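# Structure at a glance
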Amino acid sequence: MESSIIKEYTTAEKLEILADAAKYDVACTSSGVSRSGKKGELGNASAAGICHSFAADGRCISLLKILMTNHCVYDCKYCINRASNDVPRVTFTPEEICTLTVEFYKRNYIEGLFLSSGILKNPTYTMEKMCETLTLLRTKYHFNGYIHVKTIPGAADELLARMGYLADRVSVNLELPTAESLQKLAPNKTFHTILDPMGKVRDTIAAHRTAIGKERLMERSNVNKYLTNSIFSEQTKKLTGDSKRTNLLGDTVKNTNLMTSNRGFELAPRDLGSLKRSFAPAGQSTQMIIGATGESDYTLLQTTQQLYTGFDLKRVFYSAYIPLNEDAALPALGTAPPLLREHRLYQADWLLRFYGFQADELLTEERPNFNELLDPKCEWALRHIELFPLEIMTAEYQMLLRVPGIGPKSAGRIMYARRYGSLDFTSLKKMGVVLKRAHYFITCNGKQMYRTPIEEAYITRQLIGVDYSNNWKVANADKVYEQMSLADFGIA
């Protein structure tokens, strides 16, 4: 029999519960926006900020990552906070979140806030409370630091507009890469309710960028400029011009529906007018769960490319599924999360965004999954062994980028340096080329570093041996999903 006594939780107890519940959302990374401190304002935002991780200079920096509530009216089968789970349920008040953020910031524990939430009552009510929280934080507490917010699909447009002007980055979790999987595991959600706000955020960001003289698209090197055949709808195609474009469902999104700057301020609270903030200056992102359903890497990568080209996302994040709930539609409890597969997808994502690769170059329907023992760039090179070895002194920049061990910076250095003289392998190493991978695929002035047979089977064995130690560490990372607790700060 259910007890009629409702436990009252302290703020510290709520923090312990809601910070732990937020750890399964991996969409925290570099903030993507820099903003210096201002007189009379509290905090700043750093483009190098990484949630509970390490910056390039070695600093451990973090965002306060919490849920506003773990109450949820939805019953998504993969989620620990699903309505049918018997877990302690708590909710922060807007003032509690503001106080926690400011106090943690003053103690130099965080650089900003990552705020997500379960669905309390309904999407609109939940977004209203989140907007109230951020409004207080920006106006009453004058917090000028980085804020990343997960929006709630299905909420009203005016709430999405408020959120965009209050936060630095907004995101909507796609969660699963196909409509069939979403219907199977999250029957309360649909692709339309997820992709519709994603498209509105995209076009509103683009309108702001155009208004200040920037390119409509986010600055992302070699990002694909066209849509491939959509796995969501055969009707999906790229439409040029500003009058209309299509989303991944094939629906036309007209600019008359955009949350423009003027309309955004009309919809936002009156006291936000003095802030004059850009709309989501750090862009938008999303997350997909890996391993909860049976989609191939090819399907996941095609979906990723669609999201980048169709919605101009800053990042697509992958989250290896940790079996939390017992359900026939899910992997059994105790199944190891696919950490190495997640790692390969992140590497492939990097190739899509910065190396000019297309999804259907890396994988095909006939070969739909990555070899988890090889990084995707090496796997691509081995499948196209006839293109190698590549002569460093004459190769084009785009081909240099496709050599394992050569990145955009080292490729640029090679292009510059070879105009003034011959290069050797020692020079390449000084330029940052990773020769333990690259030397199988290149020559300098017609010579290999070693007398290596250009054979797929032989090079595959060698590269797997090179990566064995790193692969083992990734696949057996016992603490990958732990995030900082109060004990790490000496508070608990």
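Residues numbered from 1 in each chain as written. Predicted model: local features only at pLDDT ≥ 70, side-chain atom pairs only at ≥ 80, totals over all residues. Heavy atoms only, no water.

## Concerning the overall build of the protein
Looking only at helices and strands, one finds 16 helices and 12 strands in the protein. Counting the 492 residues in the protein, one finds 52% classified as buried. Taking all contacts inside the protein whose residues are at least 6 apart in sequence as the whole, residues at least 24 apart take part in 67%. As displayed, the protein offers around 22,700 Å² of accessible surface, 51% of which is attributable to carbon and sulfur atoms. (Helix = DSSP H or I, 4+ residues; strand = E, 2+ residues; numbered from the N terminus. Buried < 20%, exposed > 50% of the residue type's maximum accessible area, 1.4 Å probe, protein only. Contact = heavy atoms within 4.5 Å. Areas by Shrake-Rupley, 256 points an atom, 1.4 Å probe, with all protein chains shown as cover.)

## Quick notes on the side chain of N173
Structurally, N173 can be placed in the loop between β6 (169–171) and α5 (179–185). Polar contacts involving the side chain of N173 include one to the side chain of K150, which spans 2.6 Å. Not counting residues up to four positions away in its chain, the partners in contact with N173 are D25, K150, I194, T286 and Q287. (Polar contact = N/O pair within 3.5 Å; in protein donor to acceptor, adjacent residues only side chain to side chain.)

## Some words on the pairing of strand β9 (residues 284–290)
Counted residue by residue, β9 has 7 buried out of 7 residues, so it is predominantly covered. The alternating pattern of β9 places Q284, T286, M288 and I290 and S285, Q287 and I289 on opposite faces, both of which are buried. Summarising the sheet, β9 and strand β10 (residues 315–320) pair through 6 bridges and their orientation is parallel. Note that in β10 the partner of I289 across the bridge is S319. In terms of handedness, the path from β9 via helix α8 (residues 297–311) over to β10 forms a crossover that is right-handed. (Pairing = 2+ DSSP bridges. Right-handed = clockwise from strand over helix to strand, strands pointing away.)

## Observations concerning unusual backbone geometry
Note that the residue after F388, namely P389, is joined by a cis bond; omega there is 5 degrees. Secondary-structure assignment places P389 in the loop between α11 (376–383) and β11 (390–391). Positioned with a positive phi, D312 is a non-glycine residue whose angle comes to about 50 degrees.

## Let's talk about the packing of helix α1 (residues 11–21) against helix α2 (residues 94–106)
Two numbers describe how α1 lies on α2: the axes approach to 12 Å, and their chain directions differ by 85 degrees. With respect to each other, α1 and α2 are oriented roughly perpendicular. Across the interface between the two elements, T11, K14 and L15 of α1 pack against E96, L100 and F104 of α2. Tallied by class, residues from the contact of α1 with α2 come to 3 nonpolar, 1 polar and 2 charged. (Axes fitted to C-alpha atoms, helices over the stretch in contact; angles between N-to-C directions. Parallel < 35°, antiparallel > 145°, perpendicular 65-115°, else oblique. Nonpolar A, V, L, I, M, F, W, Y, C, P; charged D, E, K, R; others polar.)

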